[in-house]
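Letter by letter, the chains look like this.
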Amino acid sequence: MYEQVSHSLLNDILTDLKPEIHKQDLRHFYTRLGANFYSIYSLFFTLYGKRDDVDQQMQKLVETMARQYIGRPEPLRESDIAREKDHNWFLSQEWVGMAQYADGYAQNLSELRQRMHYFLELGVNMVHLMPMMQCPSGASDGGYAVSDFRQINKRFGSLEDLQQLAEEFHKYGILLTLDVVLNHTSNEHEWAQKARSGDPKFQDYYYIFDNREVPEMFEATMPEVFPETAPGNFTWDESMGKWVMTVFNDYQWDLNYGNPAVFIEMLDIILYWANQGADILRLDAVAFLWKKIGSLCQNEREAHLLLQLLKDCCQVTAPGVLFIAEAIVAPVEIIKYFGEDAINAKECEIAYNASLMALLWDAIATKNAKLLNQGIQNLPDKLERATWLNYIRCHDDIGLGYDDNDIRAVNYEPYAHRQFLIDYYTGKYKGSSSRGLPFGYNDKTGDSRISGSLASLVGLEAALESGDQKEIDDAVKIILLLHGITMSFGGMPLLYYGDEIGTLNDRSYIEDPAKANDSRWTHRPRIKWENVELRNTPGTIEHQLFSALKKMIAVRKEIPAFADFNNRKLLQVSNPHLFVFSRFQYDQPANRVLVIANFDHAPQYLGLEDLGREAYFRTGTLRDLYSGESPIMHKEDLIIPSHTFYWLSDQLS
Ligand code: GLC
């Protein structure tokens, strides 16, 4: 949009640009800056307009974008232009992701590169590597306490190793996703060190207070993220003699985005990683970016403005790079991280679908899809050019983040229902064979979250111990049922490394004092490649799961109706054990797939009259695209075996 005030400011900024910037060919940069400037200006002035130095800060912002544009390698600039043309590229059903710790999957980045064929074999073409930036050698929250945002931790290798990996990935059509920890730094970061030594400039990078007065005011409304291990949201720093805000662990200092210098530093870091070859950046803990006394300090409007500003700036320098919002918050809040009051996503193009994740775990425990149906029915449609990251589990705990109204709507009592789920997944509930561990127990509220590998949570570990073949088969079926949904729901499925071969809980973390108090390490495995080899040995669990998943991925990629264009319709059916939705190809709606998932351990039936307007599925020959088989019908009823999913098509092909 053209607007005089911002335009004349832009003219001034461009006139004042440093000569080394002026000399470059910035054609594409200027076009994009012109297009986004009004928005950048408005957001920046809304956030920082009251400061005397706002114009200088704005000048610095533009220079930061220009410098990183100049440093952007030519192949990445070309990919920016190609993606601008094909702007829906990431909504395709052809993408399948995997999240992993580089040093859990392999020893380091160079070994990871040698093991790249494994992704290709499985069909994975997006790999999310958890943070690898320099961090303290002891506790570092799995790399989420960064002490140098521009260095790779030596354990993983070097920056060159990462660049080589990115190049190799790109050669084979694999997208590289890197983590950027926006909300906080390690207390060993240079900024924190300078703050500790009394430098006021760097004290203003954090929330630092002389006494408990302001911290107490914050505490009155702020929840605790790690109540067991890091209670409260402030830590006393002895060397500084002051209190510092530490929402996560006491060694993770929250950055003060009320200071534009922090914003510009972090934008620079985002663009730096974009220039190392990242296709997607996962922005960690974005819900926490803005702190305000009297609020939860989560999901604040300004946190959204910051993300919009980051997006607008990134579009100027590296428009081919996407953002993932890691906002594991209430369903109505998550959707806002795509941006509000817009048509196209204007914050993050991708967001973790934590709502679906939590609802799936509910359906497994209750063996019915009541809450799942209710929750998904209330999931608002996304903006265009926005997509979900659909996952079953990730490196974090499973939080029971349901909307209480949804829980009540299906006749459960929220507190009691959550207690049931905690008991179920920690194996306390009678009849549960789940081997999860509690995480983040809060003795004030009774809340807890759950750790544990997918296989151990669904009973595979217990079944293998007892040797009961039926139970082993059931656990395998549940694992595939869950994947069958994340692969067809709409969005990018994100596998978690090790799950593709049924990796069980790993309790060795207890031996390591830096990890012992964090049960999430039970599901952050070091991959044993001798087990991975078993994927080639029929009769093993590894073979069963890996080959099923490989096939599922291959079939998904062939189904255009699985691309994500808000082309899903949830079908309310009378059988509570079933989760049913249809997917249709957005440009050829007659091309449809009916997805049915049975969460019960007994076979269930679906009366075709339940499908209402989708009754066209009655005609034609129903065929499950995954197995290639036709489901059993009894008169007008479709029979769905226990813990089974179908991807039904009535197209004869
Ligand atoms: C994110 C990460 C989690 C980490 C937290 C603090 O939620 O996924 O692992 O503990 O941020 O950085």
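Residues numbered from 1 in each chain as written. Predicted model: local features only at pLDDT ≥ 70, side-chain atom pairs only at ≥ 80, totals over all residues. Heavy atoms only, no water.

Draft legend 1. The arrangement of the site of the ligand in detail. Looking at the ligand, there are 13 residues lining it, with D141, H184, D284, H395 and D396 nearest. Separating an oxygen atom of the ligand from a side-chain N or O atom of H395 is a distance of 2.9 Å. In this structure, an oxygen atom belonging to the ligand sits 2.4 Å away from a side-chain N or O atom of D396. About the coverage of the ligand: the protein hides 95% of its 310 Å² of free accessible area. (Near = heavy atom within 4 Å. Polar contact = N/O pair within 3.5 Å; in protein donor to acceptor, adjacent residues only side chain to side chain. Areas by Shrake-Rupley, 256 points an atom, 1.4 Å probe, with all protein chains shown as cover.)

Draft legend 2. Molecular detail of the domain arrangement of the protein. Annotation of the protein at the domain level lists domain 1 (90-186 + 257-301 + 322-557) and domain 2 (560-649). On a C-alpha basis, the centroid separation for the pair domain 1 and domain 2 is 27 Å. Across the boundary between the two partners, domain 1 contributes 38 residues, which contact 30 residues of domain 2. It is K367, L481 and S488 in domain 1 that bury the most area against domain 2; as a group they hold 20% of the surface buried on that side. (Domains from an automatic or database assignment. Contact = heavy atoms within 4.5 Å. Buried area = accessible area lost by both parts, 1.4 Å probe.)

Draft legend 3. Representation of the sheet that holds strand β14 (residues 387-391) within the structure. Here we have eight strands rolled up into a closed barrel, ordered β1-β2-β5-β11-β12-β13-β14-β17, and parallel in their pairing. If you compare each strand with its neighbour and ignore which way they point, the axes differ by 25° on average. When strand β12 (residues 322-325) meets strand β13 (residues 350-352), the two strands line up parallel, connected through two bridges. Across the sheet, A325 pairs through a bridge with A351, a residue of β13. (Pairing = 2+ DSSP bridges. Helix = DSSP H or I, 4+ residues; strand = E, 2+ residues; numbered from the N terminus. Axes fitted to C-alpha atoms, helices over the stretch in contact; angles between N-to-C directions.)

Draft legend 4. Geometry of the packing of helix α3 (residues 27-48) against helix α4 (residues 54-70). Following both chains from N to C, one finds α3 and α4 inclined at 145°, their axes separated by 11 Å at the closest point. The hand of the α3/α4 crossing is right-handed. Contacts from H28, F29, R32, L33, F37, I40, Y41, F44, F45 and Y48 of α3 reach α4 at V54, D55, Q57, M58, L61, V62, M65, A66 and Y69. Along the lines of polarity and charge, the residues of the contact of α3 with α4 split into 15 nonpolar, two polar and two charged. (Left-handed = near helix turned anticlockwise from the far one by under 90°. Nonpolar A, V, L, I, M, F, W, Y, C, P; charged D, E, K, R; others polar.)

Draft legend 5. Fine view of the packing of aromatic side chains. Within the structure shown, the criterion is met by 43 aromatic pairs. Each ring, one from F149 and one from W191, has its centre 6.1 Å from the other, and the planes form 40°; the classification is tilted. Taken together, the residues span a long stretch of sequence, with F149 in strand β4 (residues 148-152) and W191 in helix α10 (residues 190-196) at a distance of 42 residues. By the burial criterion, F149 is buried, and W191 matches it. (Phe/Tyr/Trp six-rings, centres within 6.5 Å; stacked < 30°, edge-to-face > 60°. Buried < 20%, exposed > 50% of the residue type's maximum accessible area, 1.4 Å probe, protein only.)

Draft legend 6. The side chain of R520, seen in detail. Position of R520 relative to the elements: it lies in the loop between β17 (492-496) and α23 (529-533). Judged by its relative accessible area of 4%, R520 is buried. Reaching out from R520, the side chain makes a polar contact with the side chain of D518 at a distance of 2.8 Å. If we ignore the near neighbours within four places in the chain, the residues touching R520 are D141, F226, H395, D396, D397, F439 and S451.

Draft legend 7. Structural view of the pattern of salt bridges. Per the stated rule, a full pass over the model turns up 36 salt bridges. A salt bridge links D80 to R72; the nearest nitrogen and oxygen atoms lie 2.7 Å apart. Since its relative accessible area comes to 1%, D80 is described here as buried. Under the relative-accessibility criterion, R72 is labelled buried at 4%. Across the salt bridge formed by D103 and R155, the nearest N and O atoms sit 2.3 Å from each other. Note that D103 is positioned in helix α6 (residues 102-105) and R155 in the loop between β4 and α9 (159-171), a separation of 52 residues in sequence. Note on D103: relative accessible area 11%, which makes it buried. (Salt bridge = Lys/Arg side-chain N within 4 Å of Asp/Glu carboxyl O.)

Draft legend 8. Here's a closer look at the packing of helix α1 (residues 4-15) against α3. Interhelical geometry of α1 versus α3 gives an angle of 115° and a closest axis separation of 10 Å. Crossing of α1 over α3 shows right-handed handedness. Contacts between α1 and α3 involve V5, S6, L9, L10, I13 and L14 on the former and, on the latter, Y30, L33, G34, F37, Y38, Y41 and F45. Tallied by class, the residues present in the contact of α1 with α3 amount to eleven nonpolar, two polar and no charged.

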